[in-house]
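So the chains spell out like this:
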There are 2 protein chains.
Amino acid sequence: MAKLDLFKFVPFRLNRLGAEVSGALSSEYRARYGLDIPEWRVMATLGFRDEACSAQYISQCTRTHKSTISRAVTSLLERELIERVENADDRREFRLAMTPKGRALYEELIPRLLRREQEILACLTAQERKEFARLLGKIEDSLNLVQASRPMSEAEAY
Amino acid sequence: MAKLDLFKFVPFRLNRLGAEVSGALSSEYRARYGLDIPEWRVMATLGFRDEACSAQYISQCTRTHKSTISRAVTSLLERELIERVENADDRREFRLAMTPKGRALYEELIPRLLRREQEILACLTAQERKEFARLLGKIEDSLNLVQASRPMSEAEAY
DNA sequence: GCGAGATAGTCTCACTTGCAACTATCTAAA
DNA sequence: TTTAGATAGTTGCAAGTGAGACTATCTCGC
């Protein structure tokens, strides 16, 4: 008789753990800075890359639907955390970049998030953390999340 | 200057991977059997435990909001995949169990899902899979997902 | 027993999000 | 050049979900 222990079933465990960890972190950027997850992803992408980039690019590398990114961008523009300039080469798209105000928020937020990540992973030894990251990477690769697991080159991104 | 590489940030990676893997699996139970995620979680819980159990119990051990479980239960009752009986000892709650029809669907679905899980984890060696599961378990424990990581005893569950 | 507080389950409301249509713009081929 | 198809971004709509109110029932202390 077929049986499946949900609590040993890796897809369920990943989904639950992902939701749990996201929830734990979102208190950091939601309650304190009023950012929701899509907004945070926009900020994170802009903060990591130094050059301005398009909404499309952010959508692709965070694997978030373009309409969701569009709404996040609108909100961040209103709050003046990011700004956008027309791209003369292609007038369909806009180049997005953080404002000084946005950058300041980002600088303040990042150490907090890294600390939270540390706390969550504190139950693992240094060696285990490294191994866990490696195994995650192998699974990501096999699911073709690869291209999103690092900043894409211009050629890939556009 | 603070910086965070989103693609090396474990909370983001877990969230993305969880969503991706869930999405891959849901094609199995959504397209083929018309189950959504909450419905599948109800079936999975009932299928693993042999005794009937309450909606509350399912809610707790799958970490799914009670209103979401309530809706899933309603839908499964309409489709006659599960049935419920009043609990004479406590008339607030209902005991849920699969019907033969539901059991048949479950028996058919489980091998498919286990095969999918295998495919997803095929990129890891047997040793790596074991290690990955162990590390997941340590993180789950530290986040107090413990009580949900195995069927709860009656004493804990009620 | 009786009343206060806890609990099971349902329902309404507000919010989020994905989908798909739409506009504007670009590219490539006839 | 013209036109068909692709692409960037926005928006309306529908579906799903969590919060929290609500009803019915139970439990515990008085």
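Refer to the preceding data block for the structure.
Predicted model only: the values in this text are computed from it and were never measured. Residue numbers restart at each chain and count upward from 1, following the sequence in its written direction. Chains carry letters from A onward and ligands carry numbers from 1 onward, assigned in written order. Selection of residues for local features in this predicted model requires a pLDDT of at least 70, selection of side-chain atom pairs for listing and counting requires 80 or more, and totals for whole chains, interfaces and linings are taken over all residues.

### So, the interface of chain B and chain A
At the junction of the two partners, chain B supplies 51 residues and chain A supplies 51 residues. In this description a helix means any DSSP run of H or I spanning at least four residues, a strand means any run of E spanning at least two, and both kinds are numbered starting from the N terminus. At the level of elements, α1 (10-31), α2 (37-48), α5 (100-121) and α6 (126-142) of chain B are the ones that each hand at least two residues to the side of chain B that touches chain A. Among the elements that line the side of chain B that touches chain A, the one with the most residues is α1(B), at 13 residues. All residues other than Ala, Val, Leu, Ile, Met, Phe, Trp, Tyr, Cys, Pro, Asp, Glu, Lys and Arg, Gly among them, are scored as polar; the first ten of these are nonpolar and the last four charged. When grouped by side-chain class, the residues that make up the side of chain B that touches chain A number 29 nonpolar, 8 polar and 14 charged. Throughout, a pair of residues is in contact if the C-beta atoms placed from their backbones lie within 7 Å.

### Let's talk about the protein's contact with DNA strand D
Every one of the 23 residues lining DNA strand D counts as a neighbour, but Gln56(A), Ser67(A), Ser70(A), Glu93(A) and Thr68(B) are closest to it. Of all elements in the fold, only α3 (55-62) and α4 (66-78) of chain A together with α2 and α4 (66-78) of chain B reach the threshold of two or more residues within the surface near DNA strand D. Per-element accounting of the surface near DNA strand D gives the leading share, 6 residues, to α4(A). The class makeup of the residues in the surface near DNA strand D is 6 nonpolar, 9 polar and 8 charged. To decide nearness, the C-beta atom of each residue is placed from the backbone, and the residue is near a molecule or strand if that atom lies within 6 Å of it.

### Considerations on helix α2 (residues 37-48) of chain A
Residues and elements named next belong to chain A. Between the first and last residue of a helix there are one fewer steps than residues, each counted as 1.5 Å, and that sum is the expected span. In this model, α2 (12 residues) spans 16 Å end to end at C-alpha, consistent with the 16 Å of a helix rising 1.5 Å per residue. Working definition of burial: number of other C-beta atoms within 10 Å of the residue's own, with buried at 20 or more, exposed at 12 or fewer, and partly exposed in between, all C-beta atoms being placed from the backbone. With 10 of 12 residues buried, α2 is to be regarded as a mostly interior element. Taken residue by residue, α2 has Pro38, Glu39, Trp40, Arg41, Val42, Met43, Ala44, Thr45, Leu46 and Gly47 as its buried positions. Those residues of α2 hidden inside the fold are in contact with α1 (10-31), α3, α4, β1 (82-86), β2 (94-98) and α5 (100-121).

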